[in-house]
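Breakdown of the fold
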Amino acid sequence: MIDPALDEAKQAAREKVWALLERHDAVLSEAHGHIPNFVGKEAAADRLAEVTARRAATVIKANPDKAQLPVRVRALQEQKLLYVAVPRLATLQPFYLLDPADLPEPPEVAATSDGARGIALTIGVETMRAVDLIICGSVAVNHAGVRVGKGAGYSDIEVALLAESGLIGQATTIVTTVHQLQVVDEELPETEHDFSVDLIVTPHEVIECGPPRRPSGIVLAHLDQQRAEKIPILRRILEERLQGTEL
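Residues numbered from 1 in each chain as written. Predicted model: local features only at pLDDT ≥ 70, side-chain atom pairs only at ≥ 80, totals over all residues. Heavy atoms only, no water.

Next up on the list: the pattern of salt bridges. Under the defined criterion, the tally for this structure stands at eleven salt bridges. Across the pair Glu-78 and Arg-54 runs a salt bridge, and its minimum N-O distance is 2.9 Å. Residue Glu-78 is found in the loop between helix H4 (69-77) and strand E2 (81-85), and its partner Arg-54 is found in helix H3 (residues 52-56); the two are separated by 24 residues along the sequence. You can call Glu-78 partly exposed: its relative accessible area is 35%. Among the residues examined, Arg-54 registers a relative accessible area of 2% and is labelled buried. Note that Arg-214 is salt-bridged to Asp-198, the shortest N-O span being 2.5 Å. With Arg-214 in the loop between strand E11 (206-208) and helix H8 (225-228) and Asp-198 in the loop between strand E9 (183-184) and strand E10 (199-201), this pair connects stretches of sequence that are 16 residues apart. With a relative accessible area of 14%, Asp-198 lands in the buried category. Three or more residues are tied together by salt bridges with common partners; here these are Asp-46, Arg-54, Arg-74 and Glu-78. (Salt bridge = Lys/Arg side-chain N within 4 Å of Asp/Glu carboxyl O. Helix = DSSP H or I, 4+ residues; strand = E, 2+ residues; numbered from the N terminus. Buried < 20%, exposed > 50% of the residue type's maximum accessible area, 1.4 Å probe, protein only.)

This is the structure we're talking about:
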């Protein structure tokens, strides 16, 4: 189980950044409870597009939040295969497949959550290609690459699923795009199941972080079982591992 003090420390970091963004009118909608839809997200996407790892990537996995919509649109415009997490991992096959060679809608529509839901196939890790680049949203992130999400844990689960399936490794670049106010100087709490980012991209700069830290897979001991059972792919993993224990 996770130390409650760590959860409290993460929540305190979130609250601080959410309040800061709202106080400075740096978000386009309510920040609290969300990955901030920050002012300057298009400029951050433009800056990310010039990063070597991003330019070289042919297969990208991204989060579905509004803050990273310009990043997803550009990926499709540049003919990159895009996997987008199904919001809340609500289906047994938890990723949308967006292939720029076979889109019935323009990238500006296909890359939205509603657009992807309407046109994209959902797929599981067993049929996915190796991922070159992961783009994630964050609430707070520091210069060491430690990030804090909105608290639901979906990004950590997604990365763990990909790692466990051999679709990413230490060489896979993980990037977050954020407002400058989301980059904090203080230490942030992290656990065994958390991943770090290699690069932070803001509208104004690219920040290189420390050595990558990745989970090797799903850490069952860190999952709230009641919550995990509401996520289809985790429920299946829990059942499979329980059966394996009984054999």
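Moving on: the sheet that holds strand E5 (residues 133-136). Sheet strands associate in pairs through backbone hydrogen bonding, adopting either a parallel or an antiparallel arrangement. With respect to topology, eight strands assemble into an open sheet ordered E4-E3-E2-E1-E5-E8-E10-E11, the strand pairing being mixed. If you trace the sheet from one side to the other, it starts and ends with strand E4 (121-123) and E11, each paired once. Neighbour-to-neighbour, the strand axes of the sheet open up by a mean angle of 25 degrees, direction not taken into account. Pairing geometry for strand E3 (residues 95-98) and E4, over three bridges, is antiparallel. The residue bridging Leu-97 from the neighbouring strand is Leu-121, located in E4. (Pairing = 2+ DSSP bridges. Axes fitted to C-alpha atoms, helices over the stretch in contact; angles between N-to-C directions.)

Here helix H1 (residues 4-23) contains 20 residues, and its C-alpha end-to-end distance of 28 Å stays within 8% of the 28 Å for a straight helix at 1.5 Å per residue. Along H1, the positions that sit buried rather than exposed are Lys-10, Ala-13, Arg-14, Val-17, Trp-18 and Leu-21. Buried residues of H1, seen end-on, are gathered within an arc of 130 degrees and therefore sit on one face of the element. Exposed residues on H1 whose side chains face more than 90 degrees from its buried face are Pro-4, Glu-8, Lys-16 and Arg-23. The secondary structure elements touched by the buried residues of H1 are strand E6 (140-142), strand E7 (147-148) and E9. Of the residues flanking the end of H1, it is Asp-25, one or two places downstream, whose phi is positive at about 50 degrees. (Expected span 1.5 Å × (residues − 1). Arc of directions from axis to C-beta. Contact = heavy atoms within 4.5 Å.)

Interpretation in functional terms is not warranted from these geometric data alone.
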